[in-house]
Amino acid sequence: MSSLDVSLVLAALAGATIPIGAVIAQAERIQPQWLEAELRHSVIAFGGGVLLAAVTLVLVPEGIRPLTWPWICLSFGGGGITFFLLDRAIERRGGTAAQLVAMLLDFIPEAMAVGAALASGREIGLLLVFLIGLQNLPEGFNAYREIMAHNQHSRQTVLTVFIALVGLGPIAAYLGHTFLASAPMPLAGVMLFAAGGIIYLTFEDIAPQAVLQGHWAPSLGAVAGFLLGIIAHVALLP
């Protein structure tokens, strides 16, 4: 297989965890009731841990390498501000798809980075695929729960949309493979843009939702998510 074919397949596999997370989210009324709350908050925290691992182990180290500090500030700050503006716009419209939009805003640029990295034969692309797959699972879980909480669409309709979103991964990987592999500065900008958005998302949405008074499993879930990122970093990179 060519590097492009590998990029497309791996990006699709990473995106496939979005509908898997939605399927898992359909399991409701878990007994005892405290276990349902513990599971939901732990999944949210686990996703936050994985996102922070992606930022600290891949996106920021790779993003700052070829850029000067003004471009670093512009890219990273631009990501955070963009997520903020979209978050505000979604909230004004009822906020029913905030988690879904946030998931796509980090999935798409990360998939572009995967395509670019694998085109140049860099193992960092494999690590990023693993982290994307891990983070999409809880994000798909949370996005599905958020949409269904408003009872605006049937389960089948929402799940069909989530399955269709898998195709965005290969499309983004193709764009990254074709246009960013030989353009290190724009690629670095894309990575830092995603990192800035993830930091905003983590502290605006994920961390507050993960808190569960009198329980400590969610915090351990965040540790577990970050630890998996570290293990993958050690295993996949020389």
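Just above, that's the structure.
Position labels on residues start from 1 in each chain and follow its written sequence. Owing to the predicted nature of the model, reporting of local features is limited to residues with pLDDT of at least 70; listing and counting of side-chain atom pairs is limited to 80 or more, with chain, interface and lining totals taken over all residues. For side-chain calculations, the full set of non-hydrogen atoms in the structure is used, while hydrogens and water are omitted.

**With respect to the nonpolar core**
- Think of a nonpolar core as a cluster: buried Ala, Val, Leu, Ile, Met, Phe, Trp, Tyr and Cys residues, connected wherever their side-chain atoms sit within 4.5 Å. Relative accessibility under 20% of the residue-type maximum defines a buried residue, over 50% an exposed one, and the middle range a partly exposed one, all with a 1.4 Å probe and only protein chains included. Within the largest apolar cluster, 57 residues are counted, with the highest numbers of intra-cluster contacts made by Leu59 and Phe162.
- Counting residues per element, the ones that place at least two in this core are helix 1 (3-25), helix 2 (33-64), helix 4 (98-119), helix 5 (124-149), helix 6 (155-165), helix 7 (168-180) and helix 8 (184-210).
- Residue contacts are defined here by distance: any two heavy atoms, one from each residue, within 4.5 Å place the two residues in contact. The contacts of Leu59, once residues within four sequence positions are left out, are Ala54, Glu110, Leu128, Met191, Leu192, Ala194, Ala195 and Ile198. Runs of H or I in DSSP of at least four residues are treated as helices and runs of E of at least two as strands, each being numbered from the N terminus.

**As for the packing of aromatic side chains**
- A pair of aromatic rings is counted whenever rings of Phe, Tyr or Trp (Trp by its six-membered ring) have centres within 6.5 Å, and the orientation is called stacked for planes under 30 degrees apart, edge-to-face for over 60 and tilted otherwise. Under the definition given, this model contains 2 aromatic pairs.
- Arranged with centres 6.3 Å apart and planes meeting at 75°, the rings of Phe84 and Tyr200 form a pair that is edge-to-face. Remark: Tyr200 occurs in helix 8 and Phe84 occurs in helix 3 (residues 69-92); sequence separation between them is 116 residues.
- Judged by centre distance (6.2 Å) and plane angle (90°), the rings of Tyr144 and Phe162 are edge-to-face. Taken together, the residues Tyr144 in helix 5 and Phe162 in helix 6 connect sequence positions 18 residues apart. Like Phe162, Tyr144 is buried.

**A short note on the pattern of salt bridges**
- The salt bridge criterion pairs a side-chain nitrogen of Lys or Arg with a carboxyl oxygen of Asp or Glu, the two atoms within 4 Å. Within the structure shown, the criterion is met by 2 salt bridges.
- One salt bridge in this structure joins Glu62 and Arg65, with 3.1 Å as the shortest N-O distance.
- Taking the shortest distance from any N to any O, the salt bridge between Glu62 and Arg122 comes out at 2.4 Å. Of this pair, Glu62 sits in helix 2 while Arg122 sits in the loop between helix 4 and helix 5, and the two are 60 residues apart along the sequence.
- Residue Arg122 is classed as partly exposed on the basis of its relative accessible area, which comes to 30%.
- Connected through salt bridges with shared partners, the residues Glu62, Arg65 and Arg122 form a single ionic network.

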